[in-house]
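Results of the structural survey
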Amino acid sequence: DNVLDGWANIDLESNGEVIGWNLTDRLPVCTGNIELIFCEHFIEHITLKQAQIFLGDCYRVLQSGGILRVSTPNLKKIIAEYLSGRTLEWCDVGWSPATPCQMVNEGFRLWGHQYVYDADELKQVLEEAGYRKVTQVAWHESKTPALRKLECRPYHGEIILEAVK
């Protein structure tokens, strides 16, 4: 539902404003053609192997100096909430697990999640894909003006990394 003006918006299903494309397939873009890519709450929905291929393909289509911004749930945040016994962190988005154990299991399995990252793991996957500089950034913040204030979800400790080709 988050259509960004001035961006090629891609999702599994097309709706007129959004290009329908399965992002586990090779991107239909020429090599070195793209300046910026923003990916919010997607990579946790594919396997680690699929994410490695996807992030590598993003690298392929980015021009030299191009930037990929990735936002995804944070494994460490989920575990910290579990260890503290808290379950209300995400109630503002309609998720209120009954117990900490249910929170962890639901956080890993609901919504089609396949692989939940911590920042170190995601950074390593990006570096293995070829990105030369990977930086953790704050929600809605970036040194690149076009990458600021893009996240549409409320902030709940997500990992947000920017990776430069």
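As shown above, the structure is provided for reference.
Sheet strands pair by backbone hydrogen bonding; their relative direction is either parallel or antiparallel. On the basis of which strands lie adjacent, the open sheet formed by 4 strands has the order β3-β4-β6-β5 and mixed pairing. One side of each edge strand has no neighbouring strand; the edge strands of this open sheet are β3 (34–40) and β5 (133–136). Averaged over all neighbouring strand pairs, the angle between strand axes comes to 15°, with direction disregarded. Helix-sheet contacts for helix α1 (residues 48–61) involve β3 and β4 (62–72), and the interaxial angle to β4 is about 145°. Set on the sheet, helix α4 (residues 119–128) makes contact with β4, β5 and β6 (159–164); between it and β6 the angle comes to about 20°.

Here the focus is the nonpolar core. In this structure, I43, F54, L55, L68, L122, L126 and Y131 are the most contacted members of the largest nonpolar core, which totals 26 residues. Elements with a contribution of two residues or more to this core: β3, α1, β4, α4 and β6. Considering each element in turn, this core owes the most residues, 5 residues, to α1. Non-local contacts of L122, meaning those with residues more than four positions away in its chain, are made with I43, L55, V70, T72, Y117, I159 and L161. In this structure, L4, I67, L147 and L150 belong to the second largest nonpolar core, which totals 7 residues.

What counts, and at which threshold
- Residues numbered from 1 in each chain as written.
- Predicted model: local features only at pLDDT ≥ 70, side-chain atom pairs only at ≥ 80, totals over all residues.
- Heavy atoms only, no water.
- Pairing = 2+ DSSP bridges.
- Helix = DSSP H or I, 4+ residues; strand = E, 2+ residues; numbered from the N terminus.
- Axes fitted to C-alpha atoms, helices over the stretch in contact; angles between N-to-C directions.
- Contact = heavy atoms within 4.5 Å.
- Core = buried A, V, L, I, M, F, W, Y, C linked by side-chain atoms within 4.5 Å.
- Buried < 20%, exposed > 50% of the residue type's maximum accessible area, 1.4 Å probe, protein only.

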